[in-house]
Each structure stands twice: as C-alpha cells, then as structure tokens.
Amino acid sequence: MVTATKLLCSCFSATVRFRSSSPTITVLSSIDRFSSHILFQSSPLRLHQLTHTESLSISVSGSSSPSPMTDCLPPPMKILESKWRPMCLYHTQGKCTMIDNAEHLAKFNHDISKDLEVSGDTVLQNQCSSPDLDRLLVLDLEGKVEILEFPVCMIDAKTMTFIDSFHRFVRPVRMSERRVNEYINGKYGKLGIDRVWHDTAIPFKEVICEFETWLASHNLWNEKDGGTLNQAAFVTCGNWDLKTKVPQQCKDSCIKSPPYFSEWINLKDVFVNFYKIRARGMRSMMTELGISLLGSHHLGIDDSKNITRVLQRMIADGSPLQITARRSSSGLDNVEFLLENRIK
Ligand SMILES: [Zn+2]
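Thresholds, definitions, all that
Residue positions are given per chain, counted from 1 along the sequence in the order it is written. Thresholds applied to this predicted model are a pLDDT of at least 70 for local features of residues and 80 or more for the giving and counting of side-chain atom pairs; totals over whole chains, interfaces and linings are not thresholded and use all residues. For two strands to be treated as a pair, DSSP must find no fewer than two bridges joining them. Helical segments are the DSSP runs of H or I of at least four residues, strand segments are the runs of E of at least two, and each set is numbered from the N terminus. Any pair of residues counts as being in contact when their C-beta atoms, constructed from backbone geometry, are within 7 Å of one another. Convention adopted: a line fitted to C-alpha atoms gives each axis, helices being fitted over their contacting stretch, and angles between N-to-C directions are expressed from 0 to 180 degrees. Throughout, the term roughly parallel applies to angles under 35 degrees, roughly antiparallel to angles over 145, roughly perpendicular to angles from 65 to 115, and oblique to all others. Handedness of each helix crossing follows the sense of rotation of the near helix against the far helix: counterclockwise by less than a right angle gives left-handed, clockwise gives right-handed. Classification convention: Asp, Glu, Lys, Arg as charged; Ala, Val, Leu, Ile, Met, Phe, Trp, Tyr, Cys, Pro as nonpolar; all other residues, Gly among them, as polar.

The name that an unreviewed UniProt entry assigns to the protein chain is ERI1 exoribonuclease 3, with the source organism given as Zostera marina.

Pasting the structure below:
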C-alpha cells in the first residue's frame, strides 16, 4: 500500500507527490482536450476527474517496491497554469467599457475561445465529419415564459475550432416591469448577474436584427438568398429552442419567424444514434463523456460553451452530423424529425 501524500487540484496548479518511486497512478493532463481540467488515472484504469475547485486525498494500492528514493519526494509537478475565470458578460455582448482596467481583466475572462480550444492532432483527424457544413452555430436559449438570453457559439464544422460568438440578454415585451424584475431576480439574481442583465437586455426584435448583421458579417446569411443559412446549421440540446420557443417569442414580439430557424441539429438525437446512450440533457451527455462543467449551468452563454465542448468531443470521436429536425413549409407547427432513433 502506498499513500499519496498530497493530491491537490486548484484553479492555479496541481501538485502530485508520492512516497513511491513507481506509483501505479498516472497523471493524464491532456486527455480532456477541451477543458482546462485534469484527469488522473489510478489502478485499475479508473479515471478521476477533478474540477477546478476540488481537492482530494487518495490511497493507491499497487506495485511499489522499496527504493532508496522512497522518502525523497520529487519536486512538485506543475500541470495547470491558467486560472478559470467567468466571462465578462458585458464583453460577450460587445458592451464592456473596462477593457483597459487591469483589475477587471484579472477578474473576468474576455476571450471565449479559451474554454473551447482544440488540439492540433484532433483537427487533423477529423477533416470529413460534416462535409456539407462549414459552420456550426450552437444555440441554447434561456427563459421559459419569454426568452431572456440568446447565446450562440460558432465553430468550424471541419476543424472544430472556435470562430466567434453572439450573445445578447433579451428583454421580455409582454410582462410588466415588476414581473420582469421578479423573473430576473429569480433566475439570474442567484448567479449575481441580474445587474448586467438589466444594464444590457434589449427586445427580441432588436436581438434578431443584430444577429442577422452578425450572420451576414460571416457570410452565413443573406436576406436576398431566401433567408436560410449558407453552409451552416444550428446545433441545439433538444428541440425546444427552435421547435417551440423561437416561434412563441416571434409571436409575442409580433415578428415573422425567420426562415433560418426552420431546421436544426438536435445534439441529443445525434448522441443517442452515435454512442447508443440515451442522454437526456447537456449534463448527462457531459457525464457520459467525462467532460466537466465549466461556468454556471442555466447561464445561456456557459451552457452554449459546454454544449460546444460536447459537440467538439463528438466530432473528435467520429460522430457524423446531420440535420435532425426540419419545419414543414406547410405550417409552423409541423416539424419532421429525420432520425428514427431519437430522444422524445
Ligand atoms: Zn469586461
């Protein structure tokens, strides 16, 4: 029996020290390629994943043999340098006015790509995963009564690299000011981001105008071409976002549902067909793939990033991608599902 004297994972670094010169535990610092987290493998082939806030002590059984080095601890191994920080939610919306403030920059992440990095090896292995698509737009709406947040992460469909993001908080149009305050307090107050929501939220109609400008700037959409996406597809976790919520919100906002919202890839359906595992949501897909949660669950921009990390892993694993749902031109309520085996 060998005792690991210290196994600590923090935001800043990880230190591993053993009393044995040949411990049966291996540090696998690069397995989880899409996060800044660390995996440890201990005998017999069990993976332990630590988040940036966890620490633990473990005992390791195994093949240690007496060694002159037994009591001579090696110098600490520095594995993780960078500290995970929450996103600046003004910056994600193009509204940060503190970009020159060092204290603000130290506290908040201003580079969304940091959580979505892909290794060079993975890029080379997956050139043909979705031949008909250039860009994937991962969308995860928040807000049950009316949409409160509209976040999109764009990645390259071939290389999986992060390209750009679009993020807006959305101000309801059919609720009283008092109801909006209660709603936002209940949802975002506990995350400490109700202030930024109130500072930045704009009506859905304006969000759609700005989103279309953003799509056009990436040559993914042109109103004159019929209004559908050009070589791009939305990726969602479930059908609710585009089947149900967007048409409802368009009705509430008195606008026509844009044609580019008429088809999408439901990642849960692709997941069940590829891995043969029925994952019911983002967190269960992440658990099945051993991907740790980054940020706050139910903050839309963080959920979009986490769904993007699942998508990146699935492409890396060789999962084919295809449109899974398409709205019929005969009516907004008619949606055809294109995969037989799907999550209902
Ligand atoms: Zn900022």
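From this point on, the discussion continues.
Asker: Would you mind going over the sheet that holds strand β11 (residues 232–236) with me for this structure?
Answerer: Sheets are built from strands that pair by backbone hydrogen bonding, the pairs being arranged parallel or antiparallel. A sheet is described by the order of its strands in space; here 8 strands give the open sequence β10-β9-β8-β7-β11-β12-β13-β14, paired in mixed fashion. Where the open sheet ends on each side, the last strands, each with one partner, are β10 (202–203) and β14 (335–337). Of the strand pairs in this sheet, strand β13 (residues 325–327) and β14 are connected by 3 bridges, and their pairing is antiparallel. Bridging from a neighbouring strand, R326 pairs with E336 of β14. Sitting on the sheet, helix α5 (residues 204–217) touches β8 (149–156), β9 (162–171) and β10, and the angle it makes with β9 is about 165°. On the sheet, helix α7 (residues 267–275) packs against β11 and β12 (263–266) and is oriented at approximately 45° with respect to β12.

Asker: Looking at this model, I keep getting lost on the packing of helix α8 (residues 282–289) against helix α9 (residues 300–316). Mind explaining?
Answerer: Two numbers describe a pair of packed helices, the interaxial angle and the distance between the axes. Two elements in contact, α8 and α9, have axes whose closest approach is 10 Å; the angle formed by their N-to-C orientations is 40°. In this view, α8 runs oblique relative to α9, as classed from their interaxial angle. Of the two elements, α8 crosses α9, and the hand of that crossing is left-handed. Between α8 and α9, the residues in contact are M282, M285, M286 and L289 and D303, N306, I307, V310 and R313, respectively. Per-class residue counts for the contact of α8 with α9 are 6 nonpolar, 1 polar and 2 charged.

Asker: For this particular structure, what's the right way to read the packing of α7 against α9?
Answerer: Between α7 and α9, the least distance of the axes is 12 Å, while the angle of their chain directions is 30°. In this structure, the crossing between α7 and α9 has a hand that is left-handed. For the pair α7 and α9, contact is made by L267, V270, F271 and F274 and by I307, V310, L311 and M314, respectively. Residues of the contact of α7 with α9, tallied by class, amount to 8 nonpolar, no polar and no charged.

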